[in-house]
Amino acid sequence: MNAFTIRILSYVGGLFIVSFGISLTIISGLGTGAWDALNVGLANMTTYTVGNWVIFIGVALIFLNALLTKSKPELFSIVTIFVLGYFIDFWLLYIFSNTFFATFLLQLIVLCLGIVIIAFGASIYLQAKFARIPVDGLMLAIKDLLKVNFFIAKTITELLALAIAFFVGGPIGLGTILVTVLIGPMIQWFYPRVEKKIQWEKVKNEHS
C-alpha cells in the first residue's frame, strides 16, 4: 500500500469514526460539544439536517478564517466538512433514527463512549495531514490575532459556539462539559500511539 492510499484511508476512516462519536454524544441526550450543540440547535429550528449545518457553518468559518488571517480561504477544508457532515447524517438519519435511552446510566455510557471514539477518530484523521476542520482553523486564527496561547484561543472559540448554541436551543448539558474537558487530553494520548501504526511518511521514503 502506497503512502497516498494510507493517507486517504486515514483521512476518510478517521472522519467516519469521528462522525460516529459525535452522533453518540448527540443521541445520549446529555448534551454535546459546543459546536455540535450549535449544529443540532440550528437543525431543530430549520428544515436542514445536523450534517447540513456542519457544512454551512464550516463554509462560513473557512471564509471568516481567511478574513481574520488575511489569507486565501483553505478551500480544501470544504471536502473535510462535506465528508464529516454527510457521515453524521448517515448515523443520525439511518442508523440511530428514533434512538432513545431510558436510564441516566445508559445515557452516560453512550456519551463517554462517544467522547472516546471522537478522540480516537480525530487522532486517525489528523495523521493524513490534509485540510483541517474549519473550527480548528478559527482557533489558530484567534491565537495569532490576539497573541494568546492555544488554550485561551480554544476557550474563546468554544465559548462563542456555546453562546450561540444556547441562543438557538442547542443540547447543552453534562456532555458539553465533558467533551470540552476530555477531548484534548484524549487526542493527546491517542495521537502518538496511532502515529506508530500509521507511518505513511516512512512508506513514502521507502519508495522514493
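Scroll up for the structure.
A brief report on the enclosed structure follows.

Definitions and limits used
- Residues numbered from 1 in each chain as written.
- Predicted model: local features only at pLDDT ≥ 70, side-chain atom pairs only at ≥ 80, totals over all residues.
- Heavy atoms only, no water.
- Helix = DSSP H or I, 4+ residues; strand = E, 2+ residues; numbered from the N terminus.
- Rg over C-alpha atoms; globule rule 2.2 N^0.38 Å.
- Buried < 20%, exposed > 50% of the residue type's maximum accessible area, 1.4 Å probe, protein only.
- Contact = heavy atoms within 4.5 Å.
- Lys, Arg positive; Asp, Glu negative; His and termini not counted.
- Charge placed at Lys NZ, Arg CZ, Asp CG, Glu CD.
- Polar contact = N/O pair within 3.5 Å; in protein donor to acceptor, adjacent residues only side chain to side chain.
- Salt bridge = Lys/Arg side-chain N within 4 Å of Asp/Glu carboxyl O.
- Phe/Tyr/Trp six-rings, centres within 6.5 Å; stacked < 30°, edge-to-face > 60°.

So, on to the overall build of the chain. Within the chain, the regular secondary structure consists of nine helices and zero strands. Computed over its C-alpha atoms, the radius of gyration of the chain comes to 17 Å, within 12% of the 17 Å expected for a compact globule of 208 residues. Of all 208 residues assigned to the chain, the portion counted as buried reaches 45%. For the chain, contacts bridging at least 24 residues in sequence account for 78% of all contacts bridging at least 6. Charge-centre separation for the chain: the mean point of 13 positive side chains lies 7 Å from the mean point of 9 negative side chains.

On to the environment of Asn149, then. Relative to the helices and strands, Asn149 is located in the loop between α6 (134–146) and α7 (150–167). Take Asn149: its relative accessible area is 43%, and that puts it in the partly exposed class. Once the C-alpha coordinates of Asn149 and Met139 are considered, the two residues, ten residues apart in sequence, prove to be 9.8 Å apart. Of the polar contacts made by the side chain of Asn149, one reaches the backbone nitrogen of Ile152; its length is 2.8 Å.

Time to look at the pattern of salt bridges. Applying the stated criterion across every chain, the model contains two salt bridges. The closest approach of N and O atoms between Asp144 and Lys143, which form a salt bridge, is 3.9 Å. When its relative accessible area of 47% is taken as the criterion, Asp144 is described as partly exposed. Overall, the relative accessible area of 22% leaves Lys143 in the partly exposed class. Put simply, Glu158 and Lys154 hold a salt bridge, and the shortest N to O gap is 3.5 Å. Linking Glu158 with Lys154, this pair stays in helix α7, spanning four residues, or about one helical turn. By relative accessible area, Lys154 is classed as partly exposed at 31%.

Once that is clear, we can look at the packing of aromatic side chains. Enumeration over the complete set of coordinates arrives at 14 aromatic pairs. Relative to Phe87, the ring of Phe16 has its centre 4.9 Å away and its plane inclined at 85°; by these criteria the two rings are edge-to-face. A residue pair is termed long-range when its members are at least 10 positions apart, and Phe16 in helix α1 (residues 3–28) and Phe87 in helix α4 (residues 77–95) qualify at 71 residues. Relative accessible area serves as the criterion here: at 31%, Phe16 is assigned to the partly exposed category. Taken together, the aromatic side chains of Phe16, Phe20, Phe87, Phe90, Trp91 and Phe96 make up a single cluster linked through ring pairs.

So, on to the side chain of Asp89. As for its position among the elements, Asp89 is in helix α4. Nearest to the buried, unbridged Asp89 among oppositely charged side chains is Lys154, at 20 Å. For Asp89, the contacting residues outside a window of four places in its chain are Thr49, Val50, Gly51, Asn52 and Tyr94.

This is a description of form; function is not addressed.
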